[in-house]
Number of protein chains: 4
Amino acid sequence: MNQTKIGIINVTGYAGVELARLLYQHPRVELTSVTGRSTAGQRIGKVFPHLASVDLTIEVELGDVELAFSAMPHQESAKEVIPLLNRGIKVVDVSADFRLKDATEYLSWYGFTHPAPQLLKQAVYGLTELYRSQVASAQLVANPGCYPTGAILPLAPVVKAGLIEPDIIIDSKSGVSGTGRTVNLQTHYSEVNEDASAYALDGHRHLPEIIQELKLLRPEQLPSVTFVPHLIPMTRGILTTCYAPLVSGKVAAGGKGKEEIRELYLDFYQDEPFVKIVEFPPHTKYTWGNNLCLIHPTIDHRTGKLIVISCIDNLVKGAAGQAIQNMNLMLGLPETTGLEALAIYP
Amino acid sequence: MNQTKIGIINVTGYAGVELARLLYQHPRVELTSVTGRSTAGQRIGKVFPHLASVDLTIEVELGDVELAFSAMPHQESAKEVIPLLNRGIKVVDVSADFRLKDATEYLSWYGFTHPAPQLLKQAVYGLTELYRSQVASAQLVANPGCYPTGAILPLAPVVKAGLIEPDIIIDSKSGVSGTGRTVNLQTHYSEVNEDASAYALDGHRHLPEIIQELKLLRPEQLPSVTFVPHLIPMTRGILTTCYAPLVSGKVAAGGKGKEEIRELYLDFYQDEPFVKIVEFPPHTKYTWGNNLCLIHPTIDHRTGKLIVISCIDNLVKGAAGQAIQNMNLMLGLPETTGLEALAIYP
Amino acid sequence: MNQTKIGIINVTGYAGVELARLLYQHPRVELTSVTGRSTAGQRIGKVFPHLASVDLTIEVELGDVELAFSAMPHQESAKEVIPLLNRGIKVVDVSADFRLKDATEYLSWYGFTHPAPQLLKQAVYGLTELYRSQVASAQLVANPGCYPTGAILPLAPVVKAGLIEPDIIIDSKSGVSGTGRTVNLQTHYSEVNEDASAYALDGHRHLPEIIQELKLLRPEQLPSVTFVPHLIPMTRGILTTCYAPLVSGKVAAGGKGKEEIRELYLDFYQDEPFVKIVEFPPHTKYTWGNNLCLIHPTIDHRTGKLIVISCIDNLVKGAAGQAIQNMNLMLGLPETTGLEALAIYP
Amino acid sequence: MNQTKIGIINVTGYAGVELARLLYQHPRVELTSVTGRSTAGQRIGKVFPHLASVDLTIEVELGDVELAFSAMPHQESAKEVIPLLNRGIKVVDVSADFRLKDATEYLSWYGFTHPAPQLLKQAVYGLTELYRSQVASAQLVANPGCYPTGAILPLAPVVKAGLIEPDIIIDSKSGVSGTGRTVNLQTHYSEVNEDASAYALDGHRHLPEIIQELKLLRPEQLPSVTFVPHLIPMTRGILTTCYAPLVSGKVAAGGKGKEEIRELYLDFYQDEPFVKIVEFPPHTKYTWGNNLCLIHPTIDHRTGKLIVISCIDNLVKGAAGQAIQNMNLMLGLPETTGLEALAIYP
């Protein structure tokens, strides 16, 4: 069977190298070209020993591929992606550069003027579970951020159903790989180990993305979202705890209400291969290395609040795995191809 | 100078052994008696090598002391404490057995009938910053739980001032030592490492304690509190993120509002040796091994929410350190005696 | 294609559950029966959420299978294995019960009289790289211990070639999962985190296994082996550092000697799919979750010592992965089937 | 009581900031001046929040002090130290710049020509237990490296007594803070977590220091030392495992030999406040945050090897603590002043 040729722009960040790992093992595509800046000219297995068996040299320029992933930082990614689109190549952009529909948000949140605002409408937001059919026919997919993936999936069913007041608190706890492979004091082992902290209290760049999508799920209601990300001492995983008041009278009291909510979630995600509604508070460890999002909705009956918790591996469902899930759809492959690996425990 | 004789009941849990470490180094008291069950008869330095220089044998029965700490589990602690009180000994109970004023809550939250309801009124809740004068004259101090300490201190100023709606969310992230030294699968290294999870979604036992104290801070308003504790892979530390809507019109908009809130906190805790208002999101690491509570209040202006974050070392300000802070007051010693150590970094 | 039915006795330890993960994903066999004691009657995905998609109920008795893995503790494993052998079932025993050829060693090292000494000769020691052909025709394979795997593979080439004096020091550093899933204070997160220690200084049970195999590699020379295992704060991985004096005059001085040694290792393991000779000191992370053993031999020219370092994932090449590697041979399948997954990084 | 004024050059590395923590709490000296490069002009508590109570601004130039610690990197430290010595200031140099007696070793091991070879003889090697009286009268003390401290202390008794053959293997496992606060990919949390590795196989810079001191302990015998440092995922602590053949006939066989060795160590370190001979394999956790070196000598009777294991906190006894131990002697203070804190557990 002929395999589609795939490339990765900037393979040397954590999202890029995780893409390489997953694509190399993908049975229906062939990873034929990877680029990097400081490491160009070296074999990928030299830079990343766990990829020693991958026979590829890191290049300056992307070779001839049918679909490319861009794992460049924001602002730089758009510059790489636009020429590829012009050449008719399909692109999954792992950066933020095509996630927001409103070009002015790039100036306010990311500090740059978007170079191709017209592409923002064309780009499909690659939260696969919400945009499956659009992804399948897209040339450009904007792969969601890790925090938005962990936040939108657990909130979507109740937001869409109008069961919660639009007064939402999202408290996320992320492993350190989410901050990237770039070195700085904040990711020094001795600083992060035995430490927990909140950050970006004035607004994290993933917030407009979350608001945009929650609004699209229920356009009649502007959501009020407080989002606080936290850094905790682990490599992979995001645990997201969402809180919102239930709309009065729509959900039964007591255990019956919990059951109704649970049914709603089971229905909403009933055919989803990668979203699982679980009966217990999920652990990030249960998603370590795989593409699942585990969701546990419950009700705090003392206060009438919905509490819904999700777990993902930030580098898989939160980045490379979801990007490949989107690629599968764009290439007409079964959505789960190459993504079936079980989580590694313990 | 004559030193007061002090004892610890059940020195072998993490709170008990941390009490031993701090009391041994305390310049004004002498740790003269420690008890334990399975380890009775052994020297304490044999069981805990970091205490090798402590010349004490673990006993079955407490020796002759003026003040005793009980680090027994709840329900068992009361049984040990009551006879001591009858003998006129001062007690700081590190367990939950005298924290709640309403005896019926012990049945609903802890599953036992309280053996001495009359003592619940007499006992002083030992959140030192709120009950300093009562602690000073108490015979029995109920040392707060680790989560309540981390939650009440950051909320007290705004609750008391009536600046927030009584609709509070408390999202706590705790190190593993908070769950105690008892072995079980949940604290196995391989299970906790590279893992984050929420627990006690149906109500953690520290919730009634938090509600009781918030209510006392503002009796005219019944607080609605959603509290979700999380376990994260570190040994010590609790990071608590609190969210509540600001009462409309009471705080200025924009940066001025943040400044007003900050001033309120600085005033509220201005003379406190162990509570520090910081200008940045605090890290648990900055309290590692010491008795500080760091608090950072801010406002999410997009949503009108107060966000206030605290950090403590769960075994110090969240247990043994605060217990000694209370002891100092009960013995007429300067409150900070024996608790001045800086946090250990990194 | 018909798939061979496979079973696991005692699936609930870390080796057992890792077997389940790998076998479930194996394309040529079908995991049809798993047993457990305290968890019998529950679905495996209930006990191990990462196996939620595995449709199996934990049983008391093994069902009808062609090949079984025993992941029972030593002494108990033999009791389970012997009846299976009598029924003609092929067995890979992950315990120590058939690793030692000399039955008296079970009494001295494990404290029990071996119930079937006659089987010890029949059993093949499943260090696949050394016993490939015997494994292929064996009914009973004794899967090596994690430490022996990490020690014998890096030493085999030089021992066999007679290049080192038989005066060997093996200093191993193991992740905590190597001590098993049984709970005890030594594996409590708060005890192991931020800690390193040596143990078993009077002789670890894996020592006779190491000596036995080194002796078989060079029967004319009794090896003198000092083996010290260490526990370090990580979940998976064993780093083994071996030291031995080079036999005088057999290896060239300087860089040339290093190259000779390297060539020897490259030759020895040239066709091995799971042993890789690397040019840099290997990291356990490069084997995280996969079946590789990375080996780096070098020479300390100041002292004439060979230093050879190996890395494995103790639960894969050190347990479940190697067991499946052996199973593949026993079933006539390609040796790498189901074991091709790349290590997960970071 | 007048307090001696003390300064720290380059307070912003981990050794420097640990000096600041310990000196601030020291009852007999006053930390009056600290320097830093990129952080000059900032208050120390701004840069290091755990030092918020320390009232000092980081300066470009050292103020007027009687004794200074230099925590500069090697090669740069000598440049700072020499002018201080000329001004009559006492100096404890935490860098390597005055540790080696033979100036040519700086060129071969550190790649620079030593600027003041005549000072190398004058400088006292600050392994306090071995050079106590010289330290007391020294103007310049070269504080030992962390690995040499962890290696020389456990080897000194047997080397001096001539009980081991001079064929020594030192296998050290270090926490990450030992590599310094400078950021690079090797100390990125995601790279070090769940990882163990050896490094510097061609010779670590601490090797000549170890050899120099072992030689001085037994000048008649040139030691052959193989030293392999390892990096393991923890912040603080070095566990050192030393192996050497016992000289034949000097130590009794069996348990009696172990006891003889133990007695030798107890005698050698009998009056030492910071070196403790322990009866069990020590854990780095038992020294976390304090100045102790725990040593456990034993014999592998199967092979006639001495095994001796030591634990230190690399930032305390391995750096700042020992430096203060030396300062105490240089100032005529009791050696343990300011260093009595118990280790923090868990």
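The model shown is predicted, which means the values in this text are computed figures rather than measured ones.

## Remarks on the overall build of chain A
For step 1, the next point in the chain: Summing up its helical and strand segments, chain A has 11 helices and 14 strands in all.
For step 2, the next point in the chain: In terms of overall dimensions, chain A is globule-like: its C-alpha atoms have a radius of gyration of 20 Å, near the 20 Å expected for 346 residues.
For step 3, the next point in the chain: Counting only C-alpha atoms and orienting by the principal axes, one finds that chain A spans roughly 65 × 45 × 45 Å.
For step 4, the next point in the chain: Counted over contacts in chain A with a minimum sequence separation of 6, partners at least 24 positions apart contribute 70%.

## With respect to the sheet that holds strand 7 (residues 140-142) of chain C
Across a sheet, paired strands are connected by hydrogen bonds in the backbone, their directions being either parallel or antiparallel.
Residues and elements named next belong to chain C.
For step 1, the next point in the chain: Taken together, the 7 strands give an open sheet; going across it, the order is 3-2-1-4-5-7-6, and neighbouring strands pair in parallel fashion. The two strands at the open ends of the sheet, each matched to only one other strand, are strand 3 (58-59) and strand 6 (124-125).
For step 2, the next point in the chain: With 3 bridges joining them, strand 5 (residues 90-93) and strand 7 adopt parallel strand pairing. Residue pairing for strand 7: Val91 is matched across the bridge by Leu140.

## Topic: the interface of chain C and chain D
For step 1, the next point in the chain: Facing 38 residues of chain C, the contacting portion of chain D comprises 38 residues.
For step 2, the next point in the chain: Within the residue set of the side of chain C that touches chain D, elements represented by two or more residues are strand 8 (167-174), helix 8 (189-192), strand 9 (197-198), strand 10 (224-231), strand 11 (238-245), strand 13 (293-300) and strand 14 (305-312) of chain C.
For step 3, the next point in the chain: For the side of chain C that touches chain D, the element with the highest residue contribution is strand 10 of chain C, accounting for 5 residues.
For step 4, the next point in the chain: Class assignment of the residues belonging to the side of chain C that touches chain D gives a composition of 17 nonpolar, 12 polar and 9 charged.

## What about the packing of helix 6 (residues 128-136) of chain C against helix 11 (residues 316-330) of chain C?
Residue and element names in this part refer to chain C.
For step 1, the next point in the chain: In contact at an axis separation of 9 Å, helix 6 and helix 11 are set at 35° when each is read in the N-to-C sense. Note that helix 6 runs across helix 11; the crossing there is right-handed. Contacts from Thr128, Arg132, Val135 and Ala136 of helix 6 reach helix 11 at Gln322, Gln325, Asn326, Leu329 and Met330.
For step 2, the next point in the chain: In terms of residue class, the contact of helix 6 with helix 11 is made up of 4 nonpolar, 4 polar and 1 charged.

## What about the relation of the copies chain A and chain C?
Mapping one chain copy onto the other needs a rotation about an axis and a shift along that axis.
For step 1, the next point in the chain: The two copies are related by a screw motion: chain A maps onto chain C through a turn of 180° and a shift of 0.0 Å along the axis, at an RMSD of 0.0 Å. Within this description, the copies of the chain are treated as partners about a two-fold rotation axis.
For step 2, the next point in the chain: The residues that chain A uses at the interface reappear at the interface of chain C in 100% of cases, marking a shared surface.

## Concerning the relation of the copies chain C and chain D
For step 1, the next point in the chain: Overlay of chain C on chain D (RMSD 0.0 Å): rotation 180°, translation along the axis 0.0 Å.
For step 2, the next point in the chain: Of the interface residues in chain C, 100% have counterparts in chain D that sit at the interface too, so the contact is made through matching surfaces.

## What about the pairing of strand 10 (residues 224-231) of chain B?
Residues and elements named next belong to chain B.
For step 1, the next point in the chain: Across the 8 residues of strand 10, 7 count as buried, placing the element largely inside the fold.
For step 2, the next point in the chain: Sheet topology note: the strand 8 (residues 167-174)/strand 10 ladder contains 8 bridges and is parallel. Among the inter-strand pairings, Ile169 is bridged to a residue of strand 10, identified as Thr226.

## Notes on the environment of Arg236(A)
For step 1, the next point in the chain: Counting through the fold element by element, Arg236(A) comes out in the loop between strand 10 (224-231) and strand 11 (238-245).
For step 2, the next point in the chain: Residue class for Arg236(A) comes out buried when judged on the 28 C-beta atoms lying within 10 Å of it.
For step 3, the next point in the chain: Between the alpha carbons of Arg236(A) and Gly289(A) there is a distance of 8.2 Å; along the sequence they are 53 residues apart.
For step 4, the next point in the chain: Each residue touching Arg236(A), except ones within four places of it in the same chain, is listed here: Gly175(A), Ser177(A), Trp288(A), Asp313(A), Asn314(A), Leu315(A) and Glu194(B).

## A look at the environment of Glu30(B)
For step 1, the next point in the chain: Note on placement: Glu30(B) falls in strand 2 (residues 29-35).
For step 2, the next point in the chain: A sequence separation of 26 residues divides Glu30(B) from Thr4(B), and the C-alpha atoms of the two residues are 5.9 Å apart.

## Observations regarding the sheet that holds strand 3 (residues 58-59) of chain D
All names here are of chain D.
For step 1, the next point in the chain: Spatially, 3-2-1-4-5-7-6 is the arrangement adopted by the 7 strands of the open sheet, whose pairing is parallel. Strand pairing shows two members of the sheet lacking a second neighbour, strand 3 and strand 6 (124-125), which therefore form its edges.
For step 2, the next point in the chain: Relative to strand 3, strand 2 (residues 29-35) is paired through 2 bridges, and the arrangement is parallel. Residue pairing in the sheet places Val34 in a bridge with Ile58 of strand 3.
For step 3, the next point in the chain: Across the face of the sheet, helix 3 (residues 76-86) comes into contact with strand 1 (4-9), strand 4 (67-70), strand 5 (90-93) and strand 7 (140-142) while running at roughly 165° to strand 5.

## A word on the pairing of strand 10 of chain A
For step 1, the next point in the chain: With 2 bridges connecting them, strand 9 (residues 197-198) of chain A and strand 10 of chain A associate as antiparallel partners. Opposite Ser197(A), over in strand 10 of chain A, you have Leu231(A) as the bridge partner.

## Here's the deal with the interface of chain A and chain C
For step 1, the next point in the chain: Contacts between chain A and chain C engage 22 residues on the former and 22 residues on the latter.
For step 2, the next point in the chain: Per element, the largest residue contribution to the side of chain A that touches chain C is 4 residues, and it comes from helix 1 (residues 14-24) of chain A.

## Regarding helix 9 (residues 207-217) of chain B
For step 1, the next point in the chain: Taken as a whole, helix 9 of chain B has its buried residues at Leu207(B), Pro208(B), Glu209(B), Ile210(B), Ile211(B), Glu213(B) and Leu214(B).
For step 2, the next point in the chain: Considering only its buried residues, helix 9 of chain B is in contact with helix 4 (104-110), strand 6 (124-125), helix 7 (146-161), strand 8 and strand 10 of chain B.

## Quick notes on the domain arrangement of chain A
Residue and element names in this part refer to chain A.
For step 1, the next point in the chain: Segmenting chain A into domains produces domain 1 (4-122) and domain 2 (147-314).
For step 2, the next point in the chain: Using only C-alpha atoms to locate each centre, domain 1 and domain 2 end up separated by 27 Å.
For step 3, the next point in the chain: Each partner contributes to the interface: domain 1 provides 9 residues, whereas domain 2 provides 7 residues.
For step 4, the next point in the chain: Residue contributions to the side of domain 1 that touches domain 2 peak at 3 residues, all from helix 4 (residues 104-110).
For step 5, the next point in the chain: For the side of domain 1 that touches domain 2, a count of residues per class yields 5 nonpolar, 1 polar and 3 charged.

## Section: the packing of helix 7 (residues 146-161) of chain A against helix 9 (residues 207-217) of chain A
All names here are of chain A.
For step 1, the next point in the chain: The interhelical angle for the contact between helix 7 and helix 9, taken along N-to-C directions, is 20°, at an axis separation of 10 Å. Here helix 7 lies roughly parallel to helix 9, going by the angle between them. Pair helix 7 / helix 9 crosses with right-handed handedness. Judged by residue contacts, Pro148, Ala151, Ile152, Leu155, Ala156, Val159 and Lys160 of helix 7 engage Glu209, Ile210, Glu213, Leu214 and Leu217 from helix 9.
For step 2, the next point in the chain: Grouping the amino acids of the contact of helix 7 with helix 9 by side-chain chemistry returns 9 nonpolar, no polar and 3 charged.

## What to know about the environment of Leu306(A)
Residue and element names in this part refer to chain A.
For step 1, the next point in the chain: Here Leu306 is to be found in strand 14 (residues 305-312).
For step 2, the next point in the chain: Once the C-alpha coordinates of Leu306 and Asn328 are considered, the two residues, 22 residues apart in sequence, prove to be 34 Å apart.
For step 3, the next point in the chain: With sequence-adjacent residues up to four places away left out, Leu306 is seen in contact with Val158, Ile164, Ala244, Leu246, Ile261, Pro297 and Ile299.

## A word on unusual backbone geometry
For step 1, the next point in the chain: Omega for the peptide link from Tyr345(B) to Pro346(B) comes to 0°, which places this bond in the cis form.
For step 2, the next point in the chain: Residue placement: Pro346(B) occurs in the segment after helix 11 (316-330).
For step 3, the next point in the chain: The phi dihedral of Asn10(A) is positive, around 65°, even though this residue is not glycine.
For step 4, the next point in the chain: By the secondary structure assignment, Asn10(A) is in the loop between strand 1 (4-9) and helix 1.
For step 5, the next point in the chain: Classification of Asn10(A) by C-beta neighbours within 10 Å gives buried; the count is 25.

## Structural notes on helix 6 (residues 128-136) of chain D
Residues and elements named next belong to chain D.
For step 1, the next point in the chain: Buried within helix 6 we find Thr128, Tyr131 and Val135. Each buried residue of helix 6 lies within a common arc of 105° when the element is viewed along its axis, so the set occupies one face.
For step 2, the next point in the chain: Tucked inside the fold, the buried residues of helix 6 contact strand 6, strand 7 and helix 11 (316-330).

## Comments concerning the confidence of the model for chain A
For step 1, the next point in the chain: Here chain A shows a mean pLDDT of 97. Residues at 70 or above account for 100%.
For step 2, the next point in the chain: This complex was scored by the predictor with a pTM of 0.98 and an ipTM of 0.97.

About the criteria used
Residues numbered from 1 in each chain as written. Chains lettered and ligands numbered in written order. Predicted model: local features only at pLDDT ≥ 70, side-chain atom pairs only at ≥ 80, totals over all residues. Helix = DSSP H or I, 4+ residues; strand = E, 2+ residues; numbered from the N terminus. Rg over C-alpha atoms; globule rule 2.2 N^0.38 Å. Contact = placed C-beta atoms within 7 Å. Pairing = 2+ DSSP bridges. Nonpolar A, V, L, I, M, F, W, Y, C, P; charged D, E, K, R; others polar. Axes fitted to C-alpha atoms, helices over the stretch in contact; angles between N-to-C directions. Left-handed = near helix turned anticlockwise from the far one by under 90°. Least-squares fit on C-alpha atoms with pLDDT ≥ 70 in both. Buried ≥ 20, exposed ≤ 12 C-beta atoms within 10 Å, placed from the backbone. Domains from an automatic or database assignment. Parallel < 35°, antiparallel > 145°, perpendicular 65-115°, else oblique. Arc of directions from axis to C-beta. pLDDT = per-residue confidence, 0-100.

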